[in-house]
Amino acid sequence: MPRSAATIRRVETALAAASRFALVTLVALGAFAALLTAAGKDPLKAYVDTVLYVFGNAYGFSELLVRMIPLLLTAVAVALPSRMGLINVGGEGQLYMGAWLATAGALGFSDQPAVVLLPVLTVLGFVGGGLWALIAGLLRALRLVNETISTLLLNYVAPMIVGFFIFGPWRSPESASYPQSPAFVDAARLPGFLHTRVNAGLVYALVCLVLYRLLMTRTRWGLEMQAIGGNPEAARQLGIPLFRYILAVMFAAGGVAGIAGMVEVTAIQGRLVSELSPGYGFIGFLVSWLARGGAGGIVVMSFLFAVISSIGDILQITQGLPFAVVDILMAVVLFIVLGRRPAGRAR
Amino acid sequence: MSAALIAGVVASSIASGTSLLYATLGEIVGERAGIVNLGLEGILLVGAATGFAVTAQTGDPEVGLAAAALAGAAVNLIFAYLVVGRRANQLATGLCLMFFGSGLSALIGRPFVGTLITGLPRLHLPGLGAGAAARLASYDILVYLAAPTAVLIWWLLFRTRWGLVVRAVGENPAVAYAAGRRPASAQYQALALAGLLGGIAGAHLSLALTLTWAEGMTAGRGFIAIALVIFARWNPLWAMAGALLFGGAEALQLQLQAAGADVSPFLMNMIPYLLTFLVLILWGWNRQSAAPAALGRTWFGVE
């Protein structure tokens, strides 16, 4: 087949997939609207408000990009290990630990200039999330505890460590009622673009996505990871060092989620707070799963989930509903996709 | 440690272990049929919110309890339809169920934030005196029924024809099918029972322990229960020991806080999770897996 024809075929399949998914989203929006109506709310108004807010002006749209940053990063943190059959459900905890170690750096090296400090904080965020995921990786590599259950449990421990520090050693003296760490110095703040909250974290996220794609498509490591994912025993017989791969991949994945945490504290909050994430790590898992671990799909799905979570904001602000209500909409989208995926051996 | 403190720890470990036990039993039934449900946390939340809302409306905690159990079963049947009927991936569907439950419970519970209810009545065992002993003998009905329920579930799974079919499906659906059983039907029934128990577990939290509704009030108990299933080696009787141990860790932490111990509550809150890890590691060391052989695998039928 000539190259151009193949390209057209690919575009056509992509378009067909996109339109099918748009239909799924519409059905989910309809179901969610029915539920909200039953609860005595006005879903149509919420949808219109969301569209006006998100696409009506540059600021709203920029906030959408802000929300995409942690989703992109936590999705990569799930996608990477999934390629070798590891299920990382711990993005949430890894995000918190990245934020925690980055905060340690921001408070400890506050006399350094930004040129030195920001790279250091980025590395610390990576290491914090990476080491947290490494606990699960090590337990899995030693065949002691399944990584799904260990990463899930670690999600609940990480916020407690953060809580311990902001209620204890790092408690800011000026925050009596609402404990948080002292504000970071300006040199520890990740710069933003054009007076919006969109920040260099977006660059980090895109770099991580590109590196992830290159790793999987252009390197021996990516190939060997897929070999492990396909048949671990065969991969082991071929001399692929499974143990080292599990550790390295879990560390890298946790590190990427840790960067999401570093971005939250250095760019958005400017300090360490206890409510750092409304479940970004879990949403990242769903994003990666919907995208089947593909880099392009992760961008599209992160965008979609960022829009959905904007609906949550609108419901909270204009209709007095808890933000968590929008979790229903996310779940329904996924339920429909899960339910209509053909009964083949989908992952 | 004073006698009153010890009595307090024992009393409240039984109370907080109860919810864990029902949840663990539910997950055991599902997993014995070969289905991992990571969405247990969502079931607990829906149970807690529904039980609370219905109790607040009707003023009758028994009606609330029944509604919670039914809501748990109904939500788990959505899960069952997807993983059994549509053969969807169990882990992804389970996590979705967690999201669904957290959102649905937030919606159900929203009008009742700040409401106080009279929860399940405490039944006093006759013949026990005052003081510490009396505290040990005054619980709601769900506490007294917890151990009998565990025995009942054990009996159902290991001593009845129904349980044999469920376990056969969990070990090898193809063989169960060849033997003339319908794997899907057994899995639906097991998951309905699991949802019932999960709903009760959630209701115990809001109707007997906190007597208020707060968003996300289950605080990861659903995930601890999933770990407890491994601890209990998929055996309902062992689940009793596990639930008591973990309820105890939680209770000890609460009692120490109440006694004014100078330890950060955040560090003490970690105890149940760290204990879970310790147990999982010890069991992992042991290597003998007790898991149903077909656990987590989707059966695609006989072509």
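Each value, and the rule that gives it
- Residues numbered from 1 in each chain as written.
- Chains lettered and ligands numbered in written order.
- Predicted model: local features only at pLDDT ≥ 70, side-chain atom pairs only at ≥ 80, totals over all residues.
- Helix = DSSP H or I, 4+ residues; strand = E, 2+ residues; numbered from the N terminus.
- Rg over C-alpha atoms; globule rule 2.2 N^0.38 Å.
- Buried ≥ 20, exposed ≤ 12 C-beta atoms within 10 Å, placed from the backbone.
- Contact = placed C-beta atoms within 7 Å.
- Expected span 1.5 Å × (residues − 1).
- Nonpolar A, V, L, I, M, F, W, Y, C, P; charged D, E, K, R; others polar.
- pLDDT = per-residue confidence, 0-100.
- Axes fitted to C-alpha atoms, helices over the stretch in contact; angles between N-to-C directions.
- Parallel < 35°, antiparallel > 145°, perpendicular 65-115°, else oblique.
- Left-handed = near helix turned anticlockwise from the far one by under 90°.
- Bend = angle between axes of the 7 residues up to and from the residue.
- Core = buried A, V, L, I, M, F, W, Y, C linked by C-beta atoms within 7 Å.

Another point: the overall build of chain A. Looking only at helices and strands, chain A has 13 helices and 0 strands in total. When the helices and strands of chain A are placed in sequence order, the string is α-α-α-α-α-α-α-α-α-α-α-α-α. A compact globule built from 347 residues should have a C-alpha radius of gyration of about 20 Å, and chain A, at 21 Å, falls within 12% of that. With the principal axes as the frame, chain A shows a C-alpha extent of 65 × 60 × 40 Å. Of all 347 residues assigned to chain A, the portion counted as buried reaches 48%. Sequence-distant contacts, at least 24 apart, represent 76% of the contacts inside chain A between residues at least 6 apart.

Moving on to the overall build of chain B. Looking only at helices and strands, chain B has 13 helices and 2 strands in total. Here the C-alpha radius of gyration of chain B, 19 Å, is about what a compact globule of 303 residues would show, namely 19 Å. Dimensions along the principal axes, computed over C-alpha positions, put chain B at roughly 65 × 45 × 40 Å. For chain B, the residues scored as buried account for 54% of the 303 residues in total. Across chain B, the fraction of contacts at a sequence separation of at least 24, relative to all contacts at a separation of at least 6, is 80%.

This part takes up helix α11 (residues 236–258) of chain B. If you check α11 of chain B, its first and last C-alpha atoms are 32 Å apart, about what 23 residues at 1.5 Å a residue would give, namely 33 Å. One or two steps after α11 of chain B, the chain reaches G260 of chain B, where phi turns positive at roughly 80°.

Okay, the interface of chain B and chain A next. At the junction of the two partners, chain B supplies 36 residues and chain A supplies 39 residues. Breaking the side of chain B that touches chain A down by element, the ones donating at least two residues are α4 (90–109), α10 (221–231), α12 (265–269) and α13 (271–286) of chain B. The element contributing the most residues to the side of chain B that touches chain A is α4 of chain B, with 12 residues. Broken down by class, the residue content of the side of chain B that touches chain A amounts to 23 nonpolar, 9 polar and 4 charged.

Counting all residues, the mean pLDDT for chain B is 87, and 93% of those residues have values of 70 or more. With pTM at 0.89, the complex prediction returns an ipTM value of 0.86.

This brings us to the packing of helix α3 (residues 58–82) of chain A against helix α11 (residues 280–290) of chain A. All names here are of chain A. α11 packs onto α3 with a crossing angle of 60° between their chain directions and a minimal axis gap of 7 Å. Of the possible angle classes, the one that applies to α3 and α11 is oblique. The two elements α3 and α11 meet at a crossing, and its hand is right-handed. Every residue of α11 that contacts α3 at P70, L71, T74, A75, A77, V78, A79 and S82 is listed here: Y280, G281, I283, G284, F285, V287 and S288. In terms of residue class, the contact of α3 with α11 is built from 10 nonpolar, 5 polar and no charged.

For the rest of this paragraph, the subject is helix α9 (residues 183–210) of chain B. Residues and elements named next belong to chain B. In this model α9 runs 39 Å from its N-terminal to its C-terminal C-alpha over 28 residues, within 8% of the 40 Å that 1.5 Å per residue would give. Of all the bends in α9, the greatest, near 30°, is centred on A203. Most of α9 is tucked away: 21 of the 28 residues are buried. Note on α9: the residue one or two positions beyond its end, L211, has a positive phi of about 60°.

Attention now moves to the environment of M270 of chain B. Tracing the sequence through the fold places M270 of chain B in the loop between α12 and α13. With 19 C-beta atoms packed within 10 Å, M270 of chain B lands in the partly exposed category. Remark: the alpha-carbon pair of M270 of chain B and E250 of chain B, spanning 20 residues in sequence, is separated by 9.2 Å. Ignoring sequence-local partners within four residues, the contact set of M270 of chain B consists of V157 and M160 of chain A.

What follows is about the nonpolar core. The biggest cluster of nonpolar side chains holds 209 residues, and the ones touching the most others in it are L73, V76, L286 and M330 of chain A together with L95, C96 and L228 of chain B. The leading source of residues in this core is helix α10 (residues 242–269) of chain A, at 15 residues. When neighbours within four sequence positions are excluded, M330 of chain A is seen to be in contact with I283, L286, F305 and I308 of chain A together with F99 of chain B.

The next thing to look at is the confidence of the model for chain A. Confidence in the prediction for chain A averages 88 pLDDT; 97% of positions are at 70 or higher. Contacts for the low-pLDDT stretch residues 343–347 of chain A, under 50 throughout, to residues beyond four places or in other chains number 6 contacts.

Checked against the element boundaries, I268 of chain A lands in helix α10. Sequence-wise, I268 of chain A and A187 of chain A are 81 residues apart; in three dimensions their C-alpha atoms are separated by 14 Å.

Moving on: unusual backbone geometry. Note: most peptide bonds trans; most residues except glycine with negative phi. Residue and element names in this part refer to chain B. If you check the backbone angles, L211 has positive phi at about 60° while not being a glycine. Within the fold, L211 resides in the loop between α9 and α10. Taking the C-beta count within 10 Å as the criterion, L211 has 17 such neighbours and is therefore assigned partly exposed. Look at A219: it is not a glycine, yet its phi comes out positive at around 45°.

Let us look at the environment of P119 of chain A. Residues and elements named next belong to chain A. Take P119: it is sitting in helix α5 (residues 114–141). By C-beta crowding, P119 is classed as exposed, having 10 other C-beta atoms within 10 Å. For the pair formed by P119 and P322, sequence separation is 203 residues and the distance between their alpha carbons is 37 Å.

Below, the discussion takes up the packing of helix α4 (residues 91–108) of chain A against α11 of chain A. Residues and elements named next belong to chain A. One way to put it is that α4 packs onto α11 with a least axis distance of 6 Å and a crossing angle of 135°. By the angle between their axes, α4 is oblique relative to α11. Crossing of α4 over α11 shows right-handed handedness. The segment α4 lies against α11, with G91, E92, G93, Q94 and L95 engaging Y280, G281, F282, G284 and F285. Of the residues assigned to the contact of α4 with α11, the class counts are 4 nonpolar, 5 polar and 1 charged.

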